[in-house]
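# Observations on the three-dimensional arrangement
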Amino acid sequence: MKRQWAVDIGVAVLVTALLVALVEASPTQLSVTGYTLMLTSSLSIALRRRFPVAVVLLCAICTVNVYFIDGPDIPIEVPLLCALFSALRFGHRAIGIGTAVTYLLTMVVYNVFILPGHPAREEIQDRILLLGWFVAAIVLGETARLREKRAADQARNHEETLRRRAGEERLRIARELHDSLTHSISVIKVHAGVAVHLARKRGEEVPEALLAIQEASTDAVRELRETLSVLRGEPDASGLDRLDDLVDRARSTGLPVRLTVTGQQRPLPDEINRAAYRIVQEALTNVTRHAQADAATVHVGFGKRSLTVQIDDDGTCDTPPVPGVGLIGMRERVTSLGGSLSAAPRKSGGFRVLAELPF
């Protein structure tokens, strides 16, 4: 943007210097009013990119008035040609061509009917020869517009192609996950269910580990299907409304979890709702797998401008953990929403995950 602005200013200064040099070398000097109009016209083309219609109209008005006042014998139309090129380039064809035709007709009428006596043939021919310059400016402007439009179309088509390929890749990954993981987890679920059924049929006590496997496999199948739905472009239904179920599943593994929600609860944007759920899910999973904790607490705070999610445990963690896929995924999810995440040992022992998600 700054480079374009510098180029526009440079063109305006160059055109102004050219016209000033031609005026100084011409035997016909301009009046103060004519000189001011000429400078206004030439300097205004610095704004031709931002205000193409206004600049082409201003240049046309200033140029006509300079001829009416002083009748110079220099190419005072140079700023108008630059402004006309820009008007066509940015798609204002009707205004640009209309301004050019009006200016040329005004010059012919002025030379033929308004000037006293009969003007020299050369003077009329000079005005008519301007038609070639105006046509050239119109053609160049239209060519530049079509070239930029073609480049924009190519970039848009390239973007659409990349999006289509990304969608196809997501579908391929979804199919691969469905064919491999879903089948394996379903087999685990079936075997666990059979073992539970046989144990109850024989009147034996069902091991808690076996029940946990059965429930975890059921949850895994559901989570996997939701993940596959996201890969297919379908909305993710995970949110804080399912937080109680998530906490209950963590409790079923033998980990006491206390859930507290503070602040005025209200509907959340889908991205924040899903992110908060996934953060709690990943944090509780890490606690059950790695922390060797006796208890954990989950706190969700609804603030005026942000949502706070905090998960604490009393496990053994004296040093910061090596960032794994889970922590990296949480941090990327929070960062993409403009929030902040901290995951570090607590001074009183245990580990804390704290995420703040702005509304």
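Residues numbered from 1 in each chain as written. Predicted model: local features only at pLDDT ≥ 70, side-chain atom pairs only at ≥ 80, totals over all residues. Heavy atoms only, no water.

## Comments concerning the UniProt feature "transmembrane region" (unreviewed entry) in the protein chain
- Taken from the UniProt record, the annotation "transmembrane region" (unreviewed entry) applies to residues 49-69, 90-115 and 127-146.
- End-to-end, the C-alpha atoms of residues 49-69 are 29 Å apart, and along that stretch the chain is 86% helix and 0% strand. (UniProt positions renumbered as here; feature names shortened; annotations may be inferred. Helix = DSSP H or I, 4+ residues; strand = E, 2+ residues; numbered from the N terminus.)

## Details of helix α2 (residues 32-44)
- Taking 1.5 Å of rise per residue, the 13 residues of α2 would be expected to cover 18 Å, and the 18 Å separating its terminal C-alpha atoms lies within 8% of that figure.
- What α2 keeps buried is the set G34, M38, S41, S42 and S44.
- Structurally, α2 contributes buried residues whose contacts are with α1 (2-25), α3 (52-69) and α4 (78-89). (Expected span 1.5 Å × (residues − 1). Buried < 20%, exposed > 50% of the residue type's maximum accessible area, 1.4 Å probe, protein only. Contact = heavy atoms within 4.5 Å.)

## A word on the pattern of salt bridges
- For the structure shown, the criterion picks out 10 salt bridges.
- Two residues, R49 and D8, come together in a salt bridge whose shortest N-O distance is 3.0 Å. A residue pair is termed long-range when its members are at least 10 positions apart, and R49 in the loop between α2 and α3 and D8 in helix α1 qualify at 41 residues.
- A residue is classified by how much of its surface remains accessible, and D8, at 2% relative accessible area, is buried.
- Notably, a salt bridge pairs R352 with D312, separated by 2.7 Å at the nearest N-O pair. Residue R352 is located in strand β5 (residues 351-358), and its partner D312 is located in strand β3 (residues 306-313); the two are separated by 40 residues in the primary sequence.
- If you follow the salt bridges from partner to partner, you end up with D8, R48 and R49 in one network. (Salt bridge = Lys/Arg side-chain N within 4 Å of Asp/Glu carboxyl O.)

## A look at the nonpolar core
- Within the largest apolar cluster, 34 residues are counted, with the highest numbers of intra-cluster contacts made by L284, L307, I311 and V353.
- Those elements that provide at least two residues to this core are α8 (243-252), α9 (270-291), β2 (296-302), β3, α10 (325-336), β4 (340-345) and β5.
- For this core, the element with the highest residue contribution is α9, accounting for nine residues.
- The residues contacting V353, other than those within four sequence positions of it, are I279, A283, V309, Q310, I311, M330, L341, S342 and A343. (Core = buried A, V, L, I, M, F, W, Y, C linked by side-chain atoms within 4.5 Å.)

## Concerning the confidence of the model for the protein chain
- The predicted model of the protein chain averages 81 in pLDDT, with 86% of residues at 70 or higher.
- Highest mean pLDDT in the protein chain belongs to β2 (91); lowest belongs to helix α7 (residues 208-231) (71). (pLDDT = per-residue confidence, 0-100.)

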